[in-house]
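Observations on chain architecture
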Amino acid sequence: MRFGFIGAGPMATNIAKKLAKNGHEIKIADARGIERLAGKELAGKPVPVQEVITDIDVLIVSIPLNALPSIRGMIEQVGEDVIIVDTSNYYPVRDGEMEEIENGMLESEWVSKQLGRPIIKAFNNLLAYTLEYKGTPEGTNGRIAISIAGDNEQHKQIIMNVVNEVGFDPVDGGSLSDSWRQQPGTPGYCTELTKAELTAALQKAIKEKARFQRNLVLEKLSAFTEGFTHQDLVNLNRELQV
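For clarity, every value in this text was computed on a predicted model and none was experimentally measured.

1. Topic: the overall build of the protein
Counting its regular elements, the protein contains eleven helices and eight strands. Here the protein has a C-alpha radius of gyration of 17 Å; the compact-globule value for 242 residues is 18 Å, and the two agree. Structurally, the protein occupies a C-alpha span of about 45 × 45 × 40 Å along its principal axes. Counting the 242 residues in the protein, one finds 53% classified as buried.

2. Quick notes on the nonpolar core
Ranked by size, the top nonpolar core spans 29 residues in total, and within it Phe 5, Val 85 and Phe 123 carry the most contacts. For this core, the secondary structure elements donating two or more residues are strand E1 (2-6), helix H1 (10-21), strand E2 (25-29), strand E4 (58-61), strand E5 (83-86), strand E7 (145-148) and helix H8 (153-165). Top element by residues in this core is H1. It accounts for five residues. Look past the residues within four positions of Phe 123 in its chain and what remains in contact with it is Met 11, Ile 15, Val 85, Thr 87, Leu 131, Ile 146, Ser 147, Val 162, Val 163 and Val 166. Judged by nonpolar contacts, the second largest core, of 26 residues, contains Met 74, Ile 75, Val 82 and Ile 84.

3. Description of the sheet that holds E2
Here we have six strands laid out as an open sheet, ordered E3-E2-E1-E4-E5-E6, and parallel in their pairing. Two strands in the sheet have a free side with no partner beyond their single neighbour: strand E3 (45-46) and strand E6 (120-121). The sheet contact formed by E5 and E6 spans two bridges and is parallel. Note that in E6 the partner of Val 85 across the bridge is Ile 120. Strands E1, E2 and E4 of the sheet are contacted by H1, whose axis makes an angle of about 165° with E1. Lying on the sheet, H8 is in contact with E1, E4, E5 and E6; it crosses E5 at an angle near 60°.

4. Considerations on the layout of surface pockets
Using a probe with the size of a water molecule, rolled over the atoms, empty space left in the structure can be pinpointed. Taken as a whole, the largest pocket holds about 680 Å³ of empty space. As for the largest pocket, its lining consists of 30 residues, of which Met 11, Ser 62, Ile 63, Pro 64 and Arg 94 are closest to the centre. The set of elements that each furnish at least two residues to the lining of the largest pocket consists of H1 and helix H4 (92-95). In terms of residues, the lining of the largest pocket owes the most to one element, H1, which gives three residues. In the lining of the largest pocket, the residues fall into 18 nonpolar, eight polar and four charged. Counted as a void, the second largest pocket has a volume near 310 Å³. If you trace the second largest pocket, you find 14 residues lining it, with Leu 106, Glu 107, Lys 207, Ala 210 and Arg 211 closest to the centre. Looking at the lining of the second largest pocket, the element that brings in the most residues is helix H10 (residues 207-221), giving five residues. The residue inventory of the lining of the second largest pocket, partitioned by class, reads seven nonpolar, two polar and five charged.

5. Some thoughts on the pairing of E4
Across the two faces of E4 the burial is the same, with Val 58 and Ile 60 and Leu 59 and Val 61 all buried. Examined bridge by bridge, E4 and E5 share four bridges and lie parallel to one another. In the sheet register, Val 58 faces E5, and the bridge partner there is Ile 83.

6. Some details on the packing of aromatic side chains
Per the counting criterion, the structure on display carries two aromatic pairs. Seen in terms of ring centroids, Phe 224 and Phe 228 are 6.0 Å apart; in terms of plane orientation they differ by 70°. Their pairing is edge-to-face. For Phe 224, a relative accessible area of 31% translates into the label partly exposed.

7. With respect to the pattern of salt bridges
Under the definition given, this model contains 13 salt bridges. Of the charged contacts in the structure, one is a salt bridge between Lys 17 and Glu 132, with a shortest N-O distance of 3.3 Å. Remark: Glu 132 occurs in helix H7 (residues 128-133) and Lys 17 occurs in helix H1; sequence separation between them is 115 residues. What makes Lys 17 partly exposed here is its relative accessible area of 41%. A relative accessible area of 29% means that Glu 132 is categorised as partly exposed. A salt bridge links Arg 72 to Glu 76; the nearest nitrogen and oxygen atoms lie 3.1 Å apart. Several salt bridges converge on common partners, so that one network encompasses Glu 153, Lys 156 and Asp 172.

8. Re the side chain of Asn 89
Considering the arrangement of structural elements, one finds Asn 89 in the loop between E5 and H4. A polar contact of 2.9 Å, which involves the side chain of Asn 89, links it to the side chain of Asn 124. In this structure Asn 89 touches Leu 65, Arg 94, Asp 95, Glu 107, Asn 124, Gln 183, Pro 184 and Tyr 189, once residues within four positions along its chain are discounted.

Calculation criteria
- Residues numbered from 1 in each chain as written.
- Predicted model: local features only at pLDDT ≥ 70, side-chain atom pairs only at ≥ 80, totals over all residues.
- Heavy atoms only, no water.
- Helix = DSSP H or I, 4+ residues; strand = E, 2+ residues; numbered from the N terminus.
- Rg over C-alpha atoms; globule rule 2.2 N^0.38 Å.
- Buried < 20%, exposed > 50% of the residue type's maximum accessible area, 1.4 Å probe, protein only.
- Core = buried A, V, L, I, M, F, W, Y, C linked by side-chain atoms within 4.5 Å.
- Contact = heavy atoms within 4.5 Å.
- Pairing = 2+ DSSP bridges.
- Axes fitted to C-alpha atoms, helices over the stretch in contact; angles between N-to-C directions.
- 1 Å grid on protein atoms, 1.4 Å probe; cavity = no way out; pocket = protein on both sides within 12 Å on 5 of 7 lines; lining within 4 Å.
- Points joined across faces, edges and corners; volume = space filled by probe spheres on them.
- Nonpolar A, V, L, I, M, F, W, Y, C, P; charged D, E, K, R; others polar.
- Phe/Tyr/Trp six-rings, centres within 6.5 Å; stacked < 30°, edge-to-face > 60°.
- Salt bridge = Lys/Arg side-chain N within 4 Å of Asp/Glu carboxyl O.
- Polar contact = N/O pair within 3.5 Å; in protein donor to acceptor, adjacent residues only side chain to side chain.

This is the structure:
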């Protein structure tokens, strides 16, 4: 398959590396200009953003949520048959407060509105470290799972296959309106669960509780005055969901 990436942070580069290793064609762009990719170790071909959106099957958008409105003009030029995947999460302390989200609009629906296209939500319920180092072959006992949400069932199934290919069990997270179940502050977010555990966690999620839990995690992390490890973050997300 042919993949384009807008964004070259840890999440995008880790996914690209795994897909390139499996023989897929990869192009990577930075919406701010190709010069931003200079010196970076990339598994795919660095290209201008105008080129990354052409001749592809899947476009993976992996940039900060507050930057998404700036790429709408580019997304409007993407072929209608191209699957658009969003990996972002909303953190007001980082992204600034988004009025519509603060007033109740689902994060993924806000993203779809900004881009002007339907999206598939994937890869956002795990950490970049998990993606890079904890993928395992299909059938491995204790294999970590990723939730995928979206309204186009065919597109969602293709991305579920991609998730499996890069080392994780895919879980159908439902429609885009269900995507809040895999976002910050929920039991399935950054807790490294198996397929059965994640399926249960998605059902266990309480929408009204998620914002409080998200902020509580950030508050607890600030108490780690000497820094924290990847496992500290996973453990904290797990503990606060008990």
